[in-house]
Every structure is written in C-alpha cells, then in structure tokens.
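A structural walkthrough
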Amino acid sequence: MNEIVFASNNIHKLTEVRTKLTGFFQILSLKDINCHDEIPETANTFEGNAEQKAIWILDKYGYDCFADDSGIEIEALDNKPGVFSARYAGENCTFDDNNRKVLKELENIENKNAKFVTTICLKLNGKTHFFKGEVKGKIIDEYRGTEGFGYDPIFVPDGYNISFAEMRLEDKNKISHRALAIDKMLLFFNKK
Ligand code: IMP
C-alpha cells in the first residue's frame, strides 16, 4: 500500500485519520519518518500554515503528505483568535489562559457567534489540494465539561445544548471541523 505522511505527532489526530483512511494509504507520522523539526507556521491563514507544513515535508523528506491547521474564529472579535488560537493569550500560554481571555473579551458583548475551522493541505503526485471543515456555534459564558481540549469547554455547536467538552470524544469526532475536512479528503480519494 502507498505510504503518505500526515504532518503531525498528535496521537488523537493520527488515530482518527488512520481509522478513516484504512485501505487507501499507510499513514506515517512525523516520528515515523524521523522528523523532529520545529516546522514553522508563520502564515496568516489556515491554508498558508497547512501548506507551509506540507511543503516542508515534501521538500525536505520527499514524501507525499498532508498537513492540517485549525483554530477558532469569533465573530465579535474580528474573527480572532484564528490562526493564533494556540497562543492567543501569549507564548507558552495554557488552554485555560486562552479561554479566560476570550470569556473576558466577550463579557459585555451579545454576539457570541464563533466557528471552528480546519484546513487540510494535501500534496499528492505533484499536485496541491485543500479541504476545509467548519463547525458553527456559540461561545458560552462559563466553562462546561471536561472532555476534549482547547476551546471545547466554552463552545456549544449549533443544534446542540452541550459544549464540545461535554460530548463524548467519539461524538465530537463525528461532527468536528477536523472530521469534516478529513471526510472531504476521503471523498476525493474515493473518486480517484
Ligand atoms: P491545531 O492546528 O489543530 O494544532 O489547533 C490549533 C489550536 O486551535 C489548538 O491549540 C486549540 O487552541 C484550537 N483548536 C483546534 N481544534 C480544536 C478543537 O477541536 N477543540 C478546541 N480547540 C481547538
């Protein structure tokens, strides 16, 4: 079976992707190809960052690959934190720091609309493809739930009355921005 690199070492993402892409490719992680680089993510769009990571692997290691970049966009904050989601409260900040900063900034603001976004960049046979997944929802006023990571405790997806952090991981993984982007890539592979 053909090998393809998923530019990640995140075990949750790797498991999700491996489960879904069984039969298409053998998925190699960064560790599997002995890549321990700090891959730069300096673009100002999700597409840009995902492609930057994919180009790094293709150019330096010679593998066809795909890479993802995700974050949350909050309408009332001019779509921030966006590509800065991981470090919104500063370098080396925690998930908790980020969530508290968001709650403070939205304290007296009525518009709580937000969306999680994932963009995947795939480099395959000399061509570049992008797949995007989005989940719309609302930021709530306080933490709810303990599952998941990042902004999950303060985000309730549209059509639900529980936060991402109150969902079982397997349920979140069915409707998440990442799942939607991966599913689009799957459709693409199925059509090939
Ligand atoms: P990454 O590109 O998947 O590493 O995500 C960057 C940052 O976006 C993470 O550090 C989180 O702060 C946030 N994020 C991405 N996906 C999720 C999610 O599913 N739940 C909560 N936060 C997320």
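Let us look at the structure shown here. (Residues numbered from 1 in each chain as written. Predicted model: local features only at pLDDT ≥ 70, side-chain atom pairs only at ≥ 80, totals over all residues. Heavy atoms only, no water.)

1. Focus on the overall build of the protein
- When helices and strands are tallied, the protein shows five helices and seven strands.
- Tracing the protein from N to C terminus, the helices and strands come up as β-α-β-α-β-β-α-β-β-β-α-α.
- Here the protein has a C-alpha radius of gyration of 17 Å; the compact-globule value for 192 residues is 16 Å, and the two agree.
- By its C-alpha atoms, the protein is 50 × 30 × 25 Å across when sized along the principal axes.
- The 192 residues of the protein split such that 44% are buried.
- The contacts in the protein between residues at least 6 apart in sequence include a share of 54% that link residues at least 24 apart.
- When the accessible surface of the protein is split by element, carbon and sulfur atoms take 48% of a total near 10,300 Å².
- Taking the 26 positively charged and 31 negatively charged side chains of the protein as two groups, their mean positions are separated by 3 Å. (Helix = DSSP H or I, 4+ residues; strand = E, 2+ residues; numbered from the N terminus. Rg over C-alpha atoms; globule rule 2.2 N^0.38 Å. Buried < 20%, exposed > 50% of the residue type's maximum accessible area, 1.4 Å probe, protein only. Contact = heavy atoms within 4.5 Å. Areas by Shrake-Rupley, 256 points an atom, 1.4 Å probe, with all protein chains shown as cover. Lys, Arg positive; Asp, Glu negative; His and termini not counted. Charge placed at Lys NZ, Arg CZ, Asp CG, Glu CD.)

2. What to know about the pairing of strand 1 (residues 3-6)
- Both strand 1 and strand 2 (residues 26-28) contribute to a ladder of three bridges, which runs parallel. The residue of strand 2 that forms the bridge with Glu-3 is Gln-26.
- At this point the chain moves from strand 1, through helix 1 (residues 11-21), to the parallel strand 2, and the crossover so formed is right-handed.
- One ladder, built from two bridges, connects strand 1 with strand 3 (residues 65-74); its direction is parallel. The partner of Phe-6 across the bridge, within strand 3, is Phe-66. (Pairing = 2+ DSSP bridges. Right-handed = clockwise from strand over helix to strand, strands pointing away.)

3. Overview of helix 3 (residues 95-105)
- Taken residue by residue, helix 3 has Asn-98, Asn-99, Val-102 and Leu-103 as its buried positions. Buried residues of helix 3, seen end-on, are gathered within an arc of 130 degrees and therefore sit on one face of the element.
- Close packing links the buried residues of helix 3 with strand 3 and strand 6 (127-139). (Arc of directions from axis to C-beta.)

4. A look at the packing of aromatic side chains
- Overall, the coordinates contain nine aromatic pairs when judged by the stated rule.
- Note on Phe-131 and Phe-188: the rings are 5.5 Å apart at their centroids and 55 degrees apart in plane angle, and the pair reads as tilted. In this pair, Phe-131 sits in strand 6 while Phe-188 sits in helix 5 (residues 177-191), placing the two residues 57 residues apart along the sequence.
- Connected via pairs of aromatic rings, a cluster forms that spans Phe-24, Phe-25, Phe-131, Phe-188 and Phe-189.
- Positioned above the aromatic ring of Tyr-88 is the side chain of Lys-101, whose terminal nitrogen or guanidinium carbon lies 4.6 Å from the ring centre. (Phe/Tyr/Trp six-rings, centres within 6.5 Å; stacked < 30°, edge-to-face > 60°. Lys NZ or Arg CZ within 6 Å of the ring centre and 35° of its normal.)

5. Describing the site of the ligand
- In the vicinity of the ligand there are 15 residues, among which Lys-13, Ser-70, Asp-152, Lys-172 and Arg-178 approach most closely.
- Taking Lys-172, its side chain carries an N or O atom lying 2.7 Å from an oxygen atom of the ligand.
- The side chain of Arg-178 places a nitrogen or oxygen atom 2.9 Å from an oxygen atom of the ligand.
- Summarising the interface, the protein chains cover 88% of the accessible area of the ligand, which totals 480 Å² for the free molecule.
- Looking at the shell around the ligand, the elements with two or more residues in it are strand 3 and helix 5.
- It is strand 3 that contributes the most residues to the shell around the ligand, three residues altogether.
- Within the shell around the ligand, the residues separate by chemical class into five nonpolar, five polar and five charged. (Near = heavy atom within 4 Å. Polar contact = N/O pair within 3.5 Å; in protein donor to acceptor, adjacent residues only side chain to side chain. Nonpolar A, V, L, I, M, F, W, Y, C, P; charged D, E, K, R; others polar.)

Nothing here speaks to function; it is all geometry.
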